[in-house]
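Fold and contact review
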Amino acid sequence: MSTTTTGRLAGKRTVITGATGGMGRVACRMFCEAGARVIGSDLDEAAGRGLEEELRAAGHDFTFKAADVTSEAEVEALAGFVRQRWDGLDVLYNNAGIILGKPLLGTTVEEWDRLHAVNTRSVFLAIRAFAPLMGAGGSIVNISSGGGARAMRNMSAYGSSKAGVILLTKVAALELAPDIRVNAILPGTIDTPMPRNFISRVPAGGEREAAWQALGDGRPLKRVGLPEEVVPLAIFLASDEASFITGVDYFVDGGRAAA
Ligand code: NAI
């Protein structure tokens, strides 16, 4: 297996959660291509092994390790694995997440708690477990959502869980300074299984196409985004080029936040 010694993230020891999802897979590949050594984590062992094979075949330093980001024990075990393997960490990319679209009055306590566990508690658990492994120059990138900064109908659980990530990012930035920088990315709709599954509840045919189109039309750039348009910002924030940037949340949403 080759260890890349060039690139924006040359040699950076990186953990990426939600690694086998739409944006996670692209993040694992692009971080590797930028020279990072990556441990990717997600729930599905088989999908993780497939990703590992693919990235190693391309010559990258990538390892998959399954973990449920809502579980304190599993996140601590993942941190133990990282400590054993690398004796430290440079970059933590908190990307795992789930969505729910439901009216507030129809949302169950279990749904509410699940959204907040996967989207928000996970970030708390991961920062608490991994920050002690990170020395000066460390960088944490948290994936929030445009939905965490803007009220949308049927998004009380999702929006509030992602809003929590924004504030958690800022508090962590204050508390972990000056050694570790912490920033958040707020994507708009990005073409991954998450919005595709979400929209699959709209009746098939033209209506579904129209609903998908509408997700893009609401933005000045008139389309949804691609994972490859989000990950480069994460790579920049993870890199030493962003060494004076912390506690900031960035929209990557085709201009929606400005509209
Ligand atoms: P995705 O559904 O393709 O990927 C999410 C990944 O998180 C999946 O691989 C899933 O297995 C993993 N995951 C879920 N629960 C987990 C758990 N308990 N433990 C470990 N892993 C778990 O979705 P996508 O689009 O790649 O989402 C990535 C992040 O971007 C999420 O945090 C999402 O909320 C956020 N986001 C996505 C947008 C979009 O339009 N795709 C827009 C704004 C934010």
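All of these numbers come straight from a predicted model, not from anything done at the bench.

Where a protein is soluble and globular, its nonpolar side chains tend to be buried together. Of all hydrophobic cores here, the largest spans 32 residues; its most connected members are Cys28, Phe31, Val38, Phe62, Tyr93, Ile185 and Val231. Taken together, the elements giving at least two residues each to this core come down to helix 1 (22-33), helix 2 (45-57), strand 3 (62-64), strand 4 (89-94), strand 5 (134-143) and helix 8 (231-238). For this core, the element with the most residues is helix 1, which contributes seven residues. For valine 38, the contacting residues outside a window of four places in its chain are Thr14, Ile16, Cys28, Phe31, Cys32, Asp61, Phe62, Thr63 and Trp86. Formed by 26 residues, the second largest nonpolar core is a distinct cluster that contains Phe81, Ala126, Ile140 and Val165.

Within the secondary structure, arginine 219 is located in the loop between helix 7 (206-217) and helix 8. There is no salt bridge for the buried arginine 219, and the closest opposite charge comes from aspartate 253, which lies 5.0 Å off by N-O distance. The residues contacting arginine 219, other than those within four sequence positions of it, are Gly188, Thr189, Asp253, Gly254 and Arg256.

To describe a pair of aromatic rings, one takes the distance between the centres and the angle between the planes. Applying the stated rule across the entire model yields one aromatic pair. The ring of tryptophan 212 has arginine 196 sitting right over it, with the charged end atom 3.9 Å from the ring centre.

Attention shifts here to the environment of glycine 48. Along the chain, the position of glycine 48 falls in helix 2. Through-space distance from the C-alpha of glycine 48 to that of aspartate 217 is 34 Å; in sequence the pair is 169 residues apart. Setting aside residues no more than four positions away along its own chain, glycine 48 makes contact with Thr20 and Phe64.

In this section: the site of the ligand. By nearness alone, 30 residues border the ligand, and Gly22, Met23, Asp42, Ile190 and Thr192 come closest of all. In the model, a nitrogen atom of the ligand is placed 2.9 Å from a nitrogen or oxygen of the valine 69 main chain. Alanine 96 places a polar main-chain atom, nitrogen or oxygen, 3.4 Å from an oxygen atom of the ligand. At the level of secondary structure, the elements contributing two or more residues to the shell around the ligand comprise helix 1, helix 4 (109-130), helix 5 (156-176) and helix 6 (193-199). Sorting elements by how many residues they give to the shell around the ligand places helix 6 first, with three residues. A class-by-class count of the residues in the shell around the ligand yields 14 nonpolar, 12 polar and four charged.

Let us now look at the sheet that holds strand 1 (residues 13-17). Judged by pairing direction, the sheet is parallel, and its seven strands sit side by side in the order 3-2-1-4-5-6-7 without closing on themselves. If you trace the sheet from one side to the other, it starts and ends with strand 3 and strand 7 (249-252), each paired once. The average undirected angle you get between the axes of adjacent strands in this sheet is 20°. With three bridges joining them, strand 1 and strand 4 adopt parallel strand pairing. Note on strand 4: the bridge partner recorded for isoleucine 16 is tyrosine 93. On the sheet, helix 4 packs against strand 1, strand 4 and strand 5 and is oriented at approximately 175° with respect to strand 4. Here helix 8 sits on the sheet and contacts strand 4, strand 5, strand 6 (180-187) and strand 7; the angle it forms with strand 6, its principal contact strand, is near 170°.

Between side chains of opposite charge, pairing is possible as soon as their charged atoms come close. If you walk through the whole model with that rule in mind, you get 14 salt bridges. In this structure, arginine 29 engages glutamate 33 in a salt bridge whose closest nitrogen and oxygen atoms are separated by 3.4 Å. Note that arginine 29 and glutamate 33 are positioned in helix 1 at a spacing of four residues, about one turn of the helix. Arginine 29 gets classed as partly exposed once you look at its relative accessible area, which sits at 28%. Look at glutamate 33 and you get partly exposed, because its relative accessible area is 45%. One salt bridge connects glutamate 52 with arginine 49, and the closest N-O pair in it is separated by 3.1 Å. Taken together, the positions of glutamate 52 and arginine 49, both in helix 2 and three residues apart, correspond to about one turn of that helix.

Criteria and thresholds
Residues numbered from 1 in each chain as written. Predicted model: local features only at pLDDT ≥ 70, side-chain atom pairs only at ≥ 80, totals over all residues. Heavy atoms only, no water. Core = buried A, V, L, I, M, F, W, Y, C linked by side-chain atoms within 4.5 Å. Buried < 20%, exposed > 50% of the residue type's maximum accessible area, 1.4 Å probe, protein only. Helix = DSSP H or I, 4+ residues; strand = E, 2+ residues; numbered from the N terminus. Contact = heavy atoms within 4.5 Å. Lys, Arg positive; Asp, Glu negative; His and termini not counted. Salt bridge = Lys/Arg side-chain N within 4 Å of Asp/Glu carboxyl O. Phe/Tyr/Trp six-rings, centres within 6.5 Å; stacked < 30°, edge-to-face > 60°. Lys NZ or Arg CZ within 6 Å of the ring centre and 35° of its normal. Near = heavy atom within 4 Å. Polar contact = N/O pair within 3.5 Å; in protein donor to acceptor, adjacent residues only side chain to side chain. Nonpolar A, V, L, I, M, F, W, Y, C, P; charged D, E, K, R; others polar. Pairing = 2+ DSSP bridges. Axes fitted to C-alpha atoms, helices over the stretch in contact; angles between N-to-C directions.

By themselves, these figures tell us nothing about what the structure is for.
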